[in-house]
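Here is what each chain is made of, one letter per residue.
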Amino acid sequence: MTNTTTISTLAGDSDFHAYRALPAGTPKAAIVVIQEIFGVNAGIRRKCDTLAEAGYLAIAPDLFWRLERGIELDPDIEPQLQQAFGYMNAFDQDKGIADIEATIRAARAELGEGGKVGVVGYCLGGRLAFMTAARTDVDASVGYYGVGIDGLLGEKHAIAHPVLLHVPVEDHFVDKAAQAAMHAGLDDHPKVTIYDYAGEDHGFATEFGERRSDASAKLADERTAKFFIQNLG
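Residues numbered from 1 in each chain as written. Predicted model: local features only at pLDDT ≥ 70, side-chain atom pairs only at ≥ 80, totals over all residues. Heavy atoms only, no water.

(A) Region of the structure containing the overall build of the protein chain. Helix and strand counts for the protein chain stand at 6 helices and 8 strands. For a compact globule of 233 residues, the expected C-alpha radius of gyration is about 17 Å, and the protein chain comes in at 16 Å, within 12% of that figure. Its C-alpha atoms put the protein chain at 40 × 40 × 35 Å along the principal axes. Counting across all 233 residues of the protein chain, residues that qualify as buried make up 53%. Of the contacts formed within the protein chain by residues at least 6 apart in sequence, a portion of 66% connects residues at least 24 apart. Surface exposure of the protein chain reaches about 10000 Å², of which carbon and sulfur atoms provide 50%. One way to put it: in the protein chain the 21 positive side-chain charges average out to a point 5 Å from where the 34 negative ones average out. (Helix = DSSP H or I, 4+ residues; strand = E, 2+ residues; numbered from the N terminus. Rg over C-alpha atoms; globule rule 2.2 N^0.38 Å. Buried < 20%, exposed > 50% of the residue type's maximum accessible area, 1.4 Å probe, protein only. Contact = heavy atoms within 4.5 Å. Areas by Shrake-Rupley, 256 points an atom, 1.4 Å probe, with all protein chains shown as cover. Lys, Arg positive; Asp, Glu negative; His and termini not counted. Charge placed at Lys NZ, Arg CZ, Asp CG, Glu CD.)

Encoded structure:
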């Protein structure tokens, strides 16, 4: 079952919508799905639906709501891609983390005592997943092709729960120097695991469209599934 739910901000002064997918039975845990710069579009909803099929409560908050509610863009359409970059540049990431934390709290409240919550994010969401790991008490975090994580390494000391990062080696938004810095800064971190994907570019695990590289996407998703089973149940 899927629906749209409303989540209150941490300050309680407003609210925002989120796509919500429920498993057939009692959820074994919850996973917050963090959008790319294209909003909660069909691909992000499919990610939620797949997680629900695996037994999780999946929630994708509309993080761009302060700019415009209900944004859905297609990266394969050039004007929409450029529009997405505009939203990304205007987006307040700190407020986005606060909205993710509000979503984590809402998910925990729905699960009940002892319920675990993870996050998985893509592109901008991959960066936000790393920030969420460092700034909240989320139980497990996965980031696909997060941009600018090399500039966030000063926060790594605050990571207390497991983190998994998927890094395409030919990511045209994350150069080799940035990837080397990520490995140098995180390879010895006891909570962080990094997988590299040779020959792959940004967006390789998208559900739809020209960016998808099927074999690597399936491998990354299998690793993510195992990671969540190990850390959420």
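That was the structure; now back to the text.
(B) Summary view of the state of the cysteines. Counted according to the given criterion, the structure contains 0 disulfides. Cysteine Cys-48 is unpaired, with the sulfur of Cys-123 as its nearest cysteine sulfur at 16 Å. Cys-48 gets classed as buried once you look at its relative accessible area, which sits at 0%. (Disulfide = S-S within 2.5 Å.)

(C) Local environment of the pairing of strand E4 (residues 56-61). With 6 of 6 residues buried, E4 is to be regarded as a mostly interior element. Side chains Tyr-56, Ala-58 and Ala-60 project from E4 onto one buried face, and the interleaved Leu-57, Ile-59 and Pro-61 project onto a second face that is buried too. When strand E2 (residues 15-21) meets E4, the two strands line up antiparallel, connected through 4 bridges. Paired with Ala-18 across the strands is Pro-61, a residue of E4. As judged from the 4 bridges shared by strand E3 (residues 29-34) and E4, these two strands associate in the parallel manner. Bridging across to E4, Ala-29 finds its partner in Tyr-56. (Pairing = 2+ DSSP bridges.)

(D) Region of the structure containing the packing of aromatic side chains. Under the definition given, this model contains 11 aromatic pairs. Seen from their ring centres, Tyr-145 and Phe-204 are 5.5 Å apart, and the 65° between their planes marks the pair as edge-to-face. Residue Tyr-145 is located in the loop between strand E6 (140-144) and strand E7 (163-168), and its partner Phe-204 is located in the loop between strand E8 (192-197) and helix H6 (214-231); the two are separated by 59 residues in the primary sequence. One exposure class covers both Tyr-145 and Phe-204, and it is buried. Site record: aromatic cluster; members linked through ring pairs are Tyr-122, Tyr-144, Tyr-145, Tyr-197 and Phe-204. (Phe/Tyr/Trp six-rings, centres within 6.5 Å; stacked < 30°, edge-to-face > 60°.)

(E) The arrangement of the pairing of E6 in detail. Taking burial as the measure, the 5 residues of E6 include 5 buried ones, the bulk of the element. The pairing of strand E5 (residues 117-122) with E6 spans 5 bridges and is classified as parallel. Paired with Val-119 across the two strands is Ser-141, which belongs to E6.

(F) Region of interest: the sheet that holds E4. Taken together, 8 strands build an open sheet; the order of strands is E1-E2-E4-E3-E5-E6-E7-E8 and the sheet is mixed. This sheet does not close on itself; its edge strands, each paired only once, are strand E1 (2-8) and E8. Each adjacent strand pair in this sheet contributes to an overall mean axis angle of 20°, direction not counted. Bridge count between E1 and E2: 7 bridges; the pairing is antiparallel. Within the sheet, the bridge partner assigned to Asn-3 lies in E2 and is Arg-20. Here helix H4 (residues 124-135) sits on the sheet and contacts E3, E5, E6 and E7; the angle it forms with E5, its principal contact strand, is near 145°. (Axes fitted to C-alpha atoms, helices over the stretch in contact; angles between N-to-C directions.)

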